[in-house]
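Remarks on the overall topology
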Amino acid sequence: MINQHSEHHDHEYDDHRDEQRAEPGEHARVYEFPSKREDSTQDKTDYERNGGTAESAERDTAGEVLEGELVDEDEQNITSQVDPPESGRGPSFWERLNQAERRAILPTWLSSRNQLSQAAKWAGGHYAHAAGYHAARCPVYAAKLASQAPRGTARIISGTARWVFDAEGQPLRSAAARREDAAEYLRLTTQRDARVRTRLALTLPVLLGGLPLTVFLVTGLPMLLTGAVMAGLVLALGAAGGHRDKPVVPGRAVVSTQVAKLTSDIVERALASLGIAEINKVMGPRGSGIAFPKPITRDGPGWRADIDLPHGVTVPDIVERREKLASGLRRPLGCVWPESDGTEHAGRLVLWVGDQDMAQAKQPAWPLLKKGTADLFQPVPFGTDQRGRPVAITLMYANLLIGAMPGVGKTFALRVLLLAAALDARAEMRIFELKGTGDLESLEKVAHHYGSGPDDGTVEATLESLREVYQDLEKRAATITRLARENKALVPENKVTPELAARSDLGLHPLVVAVDECQELFSHPEFGKEAGELATAIIKRGRALGVILILATQRPDKDSLPTGVSANVGIRFCLRVMGQMENDMVLGTSMYKNGVRASTFTAKDKGIGYLVGNADDPQIARSAYVDNPAADAITDRARAARHAAGTLSGHALGQTTTDRKPDTLPEDLLSLLGPDEDKVWTETAATRLAQTWPETYGSYTADQLTAALKPHGIKTNRQVWGTDEHGHGRNRRGFHRADLAKIVAERNRKREAG
Amino acid sequence: MTPTLSPLATLAIAALVITLGYFATCVIWPFKPCKTCHGTGKRHARIVTAFRLCTRCQGTGRRIRIGRHLYNRTTSHRRRRRTRHR
Ligand SMILES: [Zn+2]
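Residues numbered from 1 in each chain as written. Chains lettered and ligands numbered in written order. Predicted model: local features only at pLDDT ≥ 70, side-chain atom pairs only at ≥ 80, totals over all residues. Heavy atoms only, no water.

The name that an unreviewed UniProt entry assigns to chain A is S-DNA-T family DNA segregation ATPase FtsK/SpoIIIE, with the source organism given as Halopolyspora algeriensis.

1. Some details on the overall build of chain B
For chain B, the helix and strand inventory stands at two helices and four strands. Seen in sequence order, chain B has helices and strands lined up from the N terminus as α-β-β-β-β-α. Here chain B, with 86 residues, has 19% of them falling under the buried criterion. Counting contacts in chain B only where the partners sit at least 6 residues apart, residues at least 24 apart contribute 44% of the total. In the form shown here, chain B has an accessible surface area of approximately 7,200 Å², with 65% of it arising from carbon and sulfur atoms. (Helix = DSSP H or I, 4+ residues; strand = E, 2+ residues; numbered from the N terminus. Buried < 20%, exposed > 50% of the residue type's maximum accessible area, 1.4 Å probe, protein only. Contact = heavy atoms within 4.5 Å. Areas by Shrake-Rupley, 256 points an atom, 1.4 Å probe, with all protein chains shown as cover.)

2. A closer look at the interface of chain B and chain A
The interface is formed by 10 residues belonging to chain B together with 10 residues belonging to chain A. Approximately 870 Å² of surface area, both sides summed, lies buried where chain B meets chain A, with 62% of it carried by carbon and sulfur atoms. Among the residues of chain B in contact with chain A, Phe31(B), Thr60(B) and Asn72(B) are the three that bury the most area, contributing 48% of the side total. At the junction of chain B and chain A, the tally comes to zero salt bridges. Where chain B touches chain A, the interface holds five residue pairs in polar contact (both at pLDDT 80 or more). Those elements giving two or more residues to the side of chain B that touches chain A turn out to be β4 (62-64) and α2 (66-85) of chain B. Of the residues forming the side of chain B that touches chain A, the biggest block, four residues, is contributed by α2(B). Grouping the constituent residues of the side of chain B that touches chain A by class yields four nonpolar, three polar and three charged. (Buried area = accessible area lost by both parts, 1.4 Å probe. Salt bridge = Lys/Arg side-chain N within 4 Å of Asp/Glu carboxyl O. Polar contact = N/O pair within 3.5 Å; in protein donor to acceptor, adjacent residues only side chain to side chain. Nonpolar A, V, L, I, M, F, W, Y, C, P; charged D, E, K, R; others polar.)

3. Some words on the sheet that holds strand β15 (residues 679-681) of chain A
All names here are of chain A. Strand order across the open sheet formed by three strands is β15-β17-β16, with antiparallel pairing between neighbours. Each having just a single partner strand, β15 and β16 (718-723) make up the two edges of the open sheet. Sheet twist, expressed as the average angle between the axes of neighbouring strands with direction ignored, equals 60 degrees. When β16 meets strand β17 (residues 729-736), the two strands line up antiparallel, connected through six bridges. Within the sheet, the bridge partner assigned to Trp721 lies in β17 and is Asn731. Strands β15 and β17 of the sheet are contacted by helix α27 (residues 682-692), whose axis makes an angle of about 80 degrees with β15. (Pairing = 2+ DSSP bridges. Axes fitted to C-alpha atoms, helices over the stretch in contact; angles between N-to-C directions.)

4. Concerning the environment of Thr563(A)
With respect to the helices and strands, the residue Thr563(A) is situated in helix α23 (residues 563-568). Assessed through its relative accessible area of 55%, Thr563(A) is described here as exposed.

5. What about the coordination of the zinc ion?
For a metal bound by four donors in a tetrahedral arrangement, the ideal donor-metal-donor angle is 109.5 degrees, while six donors in an octahedral arrangement ideally sit at 90 or 180 degrees. All names here are of chain B. Protein-derived ligands of the zinc ion are Cys34 (SG), Cys37 (SG), Cys54 (SG) and Cys57 (SG), with the metal-ligand distances lying across 2.2 to 2.3 Å. Counting along the primary sequence, the residues that act as donors to the zinc ion give the motif C-x2-C-x16-C-x2-C. A residue is classified by how much of its surface remains accessible, and Cys37, at 4% relative accessible area, is buried. (Donors = N, O, S within 2.8 Å, 3.2 Å for Na, K, Ca; no water.)

6. Let's talk about a nonpolar patch on the surface
Residue and element names in this part refer to chain A. Taken together, Ile105, Leu106, Leu110 and Leu116 make up a surface patch of nonpolar side chains, about 400 Å² in accessible area. By secondary structure assignment, the location of Leu110 is in helix α8 (residues 108-111). A residue is classified by how much of its surface remains accessible, and Leu110, at 37% relative accessible area, is partly exposed. (Patch = residues over 30% accessible without salt bridge, like charges linked within 9 Å, V, L, I, M, F, W, Y side chains within 5 Å.)

7. So, the sheet that holds strand β14 (residues 619-623) of chain A
Residues and elements named next belong to chain A. Reading across from one edge, β6-β5-β14-β13-β12-β7-β11-β10-β8-β9 is the order of the 10 strands in this open sheet, with mixed pairing throughout. Where the open sheet ends on each side, the last strands, each with one partner, are β6 (390-393) and β9 (449-452). Averaged over all neighbouring strand pairs, the angle between strand axes comes to 25 degrees, with direction disregarded. Bridging between strand β7 (residues 400-403) and strand β11 (residues 547-553) involves four bridges; their strand directions are parallel. Across the sheet, residue Ile402 finds its bridge partner in β11, namely Ala552.

8. Looking at the packing of helix α10 (residues 138-164) of chain A against helix α13 (residues 223-240) of chain A
Residues and elements named next belong to chain A. Viewed as axis vectors pointing N to C, α10 and α13 meet at an angle of 70 degrees, and their least axial separation amounts to 5 Å. With respect to their mutual orientation, α10 and α13 come out roughly perpendicular. Seen from α10, the contacting residues are Ala142, Leu145, Ala146, Gln148, Ala149, Gly152, Thr153, Arg155 and Ile156; seen from α13, they are Val234, Leu235, Leu237, Gly238, Ala239 and Ala240. For the contact of α10 with α13, the residue count by class is 10 nonpolar, four polar and one charged. (Parallel < 35°, antiparallel > 145°, perpendicular 65-115°, else oblique.)

9. Quick look at the packing of helix α9 (residues 113-136) of chain A against α10(A)
All names here are of chain A. At a closest axis distance of 4 Å, the pairing of α9 and α10 adopts a crossing angle of 55 degrees. The orientation of α9 relative to α10 falls into the category oblique. Here His134, Ala135 and Ala136 of α9 lie close against α10, whose contacting residues are Cys138, Pro139 and Tyr141. Split by residue class, the contact of α9 with α10 holds five nonpolar, one polar and no charged.

10. What about a positive patch on the surface?
All names here are of chain A. A cluster of like positive charges, contributed by Arg151, Arg155, Arg244 and Lys246, occupies part of the molecular surface. For Lys246, the location among the structural elements is in the loop between α13 and α14 (264-272). With relative accessibility at 53%, the residue Lys246 sits in the exposed group. (Lys, Arg positive; Asp, Glu negative; His and termini not counted. Charge placed at Lys NZ, Arg CZ, Asp CG, Glu CD.)

11. Quick word on the side chain of Glu433(A)
All names here are of chain A. Topologically, Glu433 is positioned in strand β8 (residues 428-433). Summary of buried charges: Glu433 has no salt-bridge partner, and the nearest side chain of opposite charge, Lys435, is 5.6 Å away. Reaching out from Glu433, the side chain makes a polar contact with the side chain of Ser452 at a distance of 2.9 Å. Leave out the neighbours within four places in its chain, and Glu433 touches Gly438, Asp439, Leu440, Tyr450, Gly451, Ser452, Gly453 and Asp516.

12. Brief notes about unusual backbone geometry
Residues and elements named next belong to chain A. Unusually for a residue other than glycine, Asp166 sits at a positive phi of about 55 degrees. A positive phi is found at Glu180, a non-glycine position, where the angle reads about 60 degrees. Of note, Glu180 is situated in the loop between α11 (170-179) and α12 (182-220). Classification of Glu180 by relative accessible area gives partly exposed; the value is 27%.

13. Section: the nonpolar core
All names here are of chain A. Judged by nonpolar contacts, the single largest core of 105 residues is most densely connected at Trp366 and Leu418. Top element by residues in this core is helix α19 (residues 456-486). It accounts for 10 residues. Counting residues in each nonpolar core, the second largest holds 27 residues, with Ile266, Ile290, Ile307 and Ile318 among its members. (Core = buried A, V, L, I, M, F, W, Y, C linked by side-chain atoms within 4.5 Å.)

14. Observations concerning α12(A)
Residues and elements named next belong to chain A. Over its 39 residues, α12 extends 55 Å from the first C-alpha to the last, a length consistent with the 57 Å expected when each residue adds 1.5 Å. Along α12, the helix axis deviates most sharply at Leu207, where the bend reaches about 30 degrees. Within the sequence span of α12, burial applies to Ala182, Tyr185, Leu188, Thr189, Val196, Arg199, Thr203 and Val218. (Expected span 1.5 Å × (residues − 1). Bend = angle between axes of the 7 residues up to and from the residue.)

15. A look at the confidence of the model for chain B
When pLDDT drops low, the exact placement of atoms in the prediction is not to be read closely. Residue and element names in this part refer to chain B. Taken over all residues, the pLDDT of chain B has a mean of 82, while the share at 70 or more is 79%. Per-element mean pLDDT across chain B ranges from 77 in α2 up to 89 in strand β1 (residues 31-33). As scored by the predictor, the complex reaches a pTM of 0.54 and an ipTM of 0.82. (pLDDT = per-residue confidence, 0-100.)

Quick look at the structure:
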């Protein structure tokens, strides 16, 4: 107890230790104050001055050295200083000002003429609709009012009477009577009498003079006017006799959907429901909570929340749980669109929650539906994104792959793009639809080549067309090279320019080749391999030469889509697919892993898909819906424009290039070989073919013949001993008669069987 | 039949009419002139000019009708009981 007390005492005197130390014999005790070490150097000098012992001085210094080591400045700098000091670093005021985003002075719907007219149109339409709605119900309203007229009359009469006879004072008077307060009662009745007197004086002349006069005047009016006045009176009386809970106009013409506001509470709750451990940790009682770097705002027809996810959680983690997120937000799945913010760190989530399901939200009409032309060098309208903003695709210098499960709007998406291409009168269209449903039929009248059907003939025609395109590619490349040599300014990037495409003498017009259900082509046992090689070559080389290949498939796998095609396509549109494999096949490797998952779409998300390669980031797009009659009308317009421009060609002019005679190259070749010719040089065969059928094989070189024979499975790389035109015997490329005969026999058997 | 009953019936009807009439009077005119001061509210002394206020009616000259008074008593009693029970 005493000890404790003394300690307490010491602390109390802490501030006065200098005084204490001045007392002789007391310094040792003073020395043990813990706070004394802070100014130990001073203490030491004090101490020495006071003539302290050497031992205690040593103890003092020893303690000091120990402490000095702990706070060694240099050492601390080397080992533990990682964070820069708070001040003096980071972007300066001017830097921040330069990088700052300037927000628009006027909202976009006010500043853009287009959007302003749209808003005005919407408002006009809204009120016109309301007017029409109520006009149609006018008789019902009138009947209701008439039926209420007696009640209205009674109400007006009783109301007037109550006013005249001061009914509102009655409760006061009866209260006075109840209290038996005679003085108050007298005062109130006197007041009532005065009121009744003046009010009667006002009412009686109207009742006795005005009313008969009005009746007299009204009956004196022409029939029609009397009727109108009477009807007006009845309606007015009816209006006076209305029930508050049974209004004459029961419903509104426009029912607006009430959408709950998105608040940070709702978002946090939804994120917490995802079952991600890191999120739950920060949401827990000792966590820091979810950070919202920007306020939640209205963005298009929905709400946008910018969210900083906890450390270690990335946007794909959220995207893959989109369904859970939608459940947590209590919204339909089609309303909830988590995305990454491409300009920010990987944990910055942009959550857009639409008022309406994307699949059900009203989509603006396709801009080219009624009028207008397209320019393939410019972005052509394709559809809208989930926020209702237009999405346009620049087809020139690009190729396109569309993948989807059957029945989710793949062909419609393809058709929108082809219609746009058709509206560019320069573009040559080669359209093949290998399903045979005729979904692209409307484009037949503008197509240079057109084929529809699942049969071998159509597939072969497609392949034939691809061969032609490939040959055209060579020609185009040669033209570009020639032009570049003549005038470099014409082809600045060795690419087709709009000016060159417009010149009909060069043959550099845009060439659009579209194959719907291209898996039928690429997995075809006979033509598939060559088609795949041609498509790969066209995709690789055609981009700069104005050739646009558009492929659509419902079976994106390795057999149905050559790797060369899926790896080199620029723009990809993937509607609903089954899983990761199909998703990555269409959209590109590791897209699924990055949270771009077309497998999350549902069956009712028709026409909705991920569009990759069009913008910097993958975007969700819903293709515009153009029905069959509208498509027909558009192609009629396109055909008229092409007719005027003189660019109608091929199938559109009625030339039946598609049902060309079947490929009989092996048979033709076999018939050219002499009975004793076992082997022949490819060169010799090419020359003979050209001589015998100049219109079919006239342009064949040895290399082209090799290429043409390859799909038939004939080995053309055999070394054949022969004699050249100078009589020298030598080894050259050629093929054996036995191989050829075997192939022909095989083909004959197949033809008889099928 | 008729001669024996008719005086009774007449009596009953008269009683009814009078009762109803009294009720109506109590509703419409809850007060009546004070009998003591004849509705003036003043009591004259023996000397002609001097007068004081009537004590029965506190100088108002009006007294509550008995019917109304009874009604007030019953209703206020009922009301008080109701509030107490609540
Ligand atoms: Zn009195």
